[in-house]
Amino acid sequence: QVQLVESGGGLVQPGGSLRLSCAGSGNIFSIYAMDWHRQAPGKQRELVAGISAGGSSNYADSVKGRFTISRDYAKNTVYLQMDSLKPEDTAVYYCRAEVQIARGTIPIETWGQGTQVTVSS
């Protein structure tokens, strides 16, 4: 069984920073793409940032220049450095990963449980 566990959320003032982590554990052979998504109250879940197996990254227009995604392959972990936070960044943040549990098998989409980020003065 594979688990993704997020951490690092919390309350921060506008203009502040937070660093989210998402660590994979369990029966992991390899991880392909890893993403961060968020869902604000009353809104649909949206992709915030993603990073491929090769390290290429992409960002939603709303966070470009403020957020940075990175990953530690040895630790099966993805990070999201969030700077210059705005009240509209308030949401539950979820990580997602494409996890391969054995050589030659199809990667399985796996989600974390989410971590709350609140940006408020």
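To start, this report covers the structure provided alongside it.

1. Comments concerning the overall build of the protein chain
Alright, step 1. Helices and strands together make up the secondary structure of the protein chain, namely zero helices and 11 strands.
Alright, step 2. In sequence order, the protein chain lays out its α and β elements as β-β-β-β-β-β-β-β-β-β-β.
Alright, step 3. When the backbone C-alpha atoms are referred to their principal axes, the protein chain occupies close to 50 × 25 × 25 Å.
Alright, step 4. Expressed as a percentage of its 121 residues, the buried residues of the protein chain come to 41%.

2. A look at unusual backbone geometry
Alright, step 1. Residues other than glycine seldom take positive phi values, yet Asn76 does so here, at roughly 50 degrees.
Alright, step 2. Phi angles above zero are rare outside glycine, and Ser84 is one such case at about 50 degrees.
Alright, step 3. Tracing the sequence through the fold places Ser84 in the loop between strand S8 (77-82) and strand S9 (91-100).
Alright, step 4. What makes Ser84 partly exposed here is its relative accessible area of 40%.

3. As for the side chain of Thr115
Alright, step 1. By secondary structure assignment, the location of Thr115 is in strand S11 (residues 115-119).
Alright, step 2. Among the polar contacts made by the side chain of Thr115, one reaches the main-chain amide nitrogen of Gly9 at a distance of 3.3 Å.
Alright, step 3. Those residues in contact with Thr115 that lie beyond four places of it in its chain are Glu6, Gly9, Leu20, Ala91, Val92 and Tyr93.

4. A look at the nonpolar core
Alright, step 1. Grouped together as the largest cluster of nonpolar side chains are 29 residues, with contacts concentrated most on Trp36, Val48, Phe67, Val78, Leu80, Met82 and Tyr93.
Alright, step 2. Listed by contribution, the elements that provide at least two residues to this core are strand S1 (2-7), strand S3 (18-26), strand S4 (30-39), strand S5 (46-51), strand S7 (67-72), S8, S9 and S11.
Alright, step 3. Beyond its immediate stretch of four places on either side in the chain, Val78 contacts Leu20, Ser21, Cys22, Met34, Trp36, Ile51, Ile69, Ser70, Arg71 and Cys95.

5. Things to note about the side chain of Arg96
Alright, step 1. By the element assignment, Arg96 lies in strand S9.
Alright, step 2. There is a polar contact of 3.3 Å between the side chain of Arg96 and the side chain of Glu98.
Alright, step 3. When near neighbours in sequence (up to four residues on either side) are disregarded, Arg96 contacts Leu4, Ala33, Met34, Asp35, His37, Glu109, Thr110 and Trp111.

6. Some remarks on the state of the cysteines
Alright, step 1. Within this structure, the stated rule accounts for one disulfide.
Alright, step 2. Each sulfur of the disulfide joining Cys22 and Cys95 lies 1.9 Å from the other. Between Cys22 and Cys95 the sulfur-sulfur dihedral comes to about 45 degrees; the bridge is accordingly right-handed. Residue Cys22 is located in strand S3, and its partner Cys95 is located in strand S9; the two are separated by 73 residues in the primary sequence.
Alright, step 3. Taking the relative accessible area as the measure of exposure, Cys22 reaches 0% and is therefore buried.

7. What about the pairing of S7?
It is a general feature of regular strands that their side chains alternate between the two faces of the sheet.
Alright, step 1. The alternating pattern of S7 places Phe67, Ile69 and Arg71 on a buried face and Thr68, Ser70 and Asp72 on a face that is not buried.
Alright, step 2. Where S7 meets S8, six bridges bridge the pair, whose relative direction is antiparallel. Bridging across to S8, Asp72 finds its partner in Thr77.
Alright, step 3. Linking S7 back to S8 in an antiparallel pair, the connection comprises four residues, with Asn76 at a positive phi of about 50 degrees.

Cut-offs used in this document
Residues numbered from 1 in each chain as written. Predicted model: local features only at pLDDT ≥ 70, side-chain atom pairs only at ≥ 80, totals over all residues. Heavy atoms only, no water. Helix = DSSP H or I, 4+ residues; strand = E, 2+ residues; numbered from the N terminus. Buried < 20%, exposed > 50% of the residue type's maximum accessible area, 1.4 Å probe, protein only. Polar contact = N/O pair within 3.5 Å; in protein donor to acceptor, adjacent residues only side chain to side chain. Contact = heavy atoms within 4.5 Å. Core = buried A, V, L, I, M, F, W, Y, C linked by side-chain atoms within 4.5 Å. Disulfide = S-S within 2.5 Å. Pairing = 2+ DSSP bridges.

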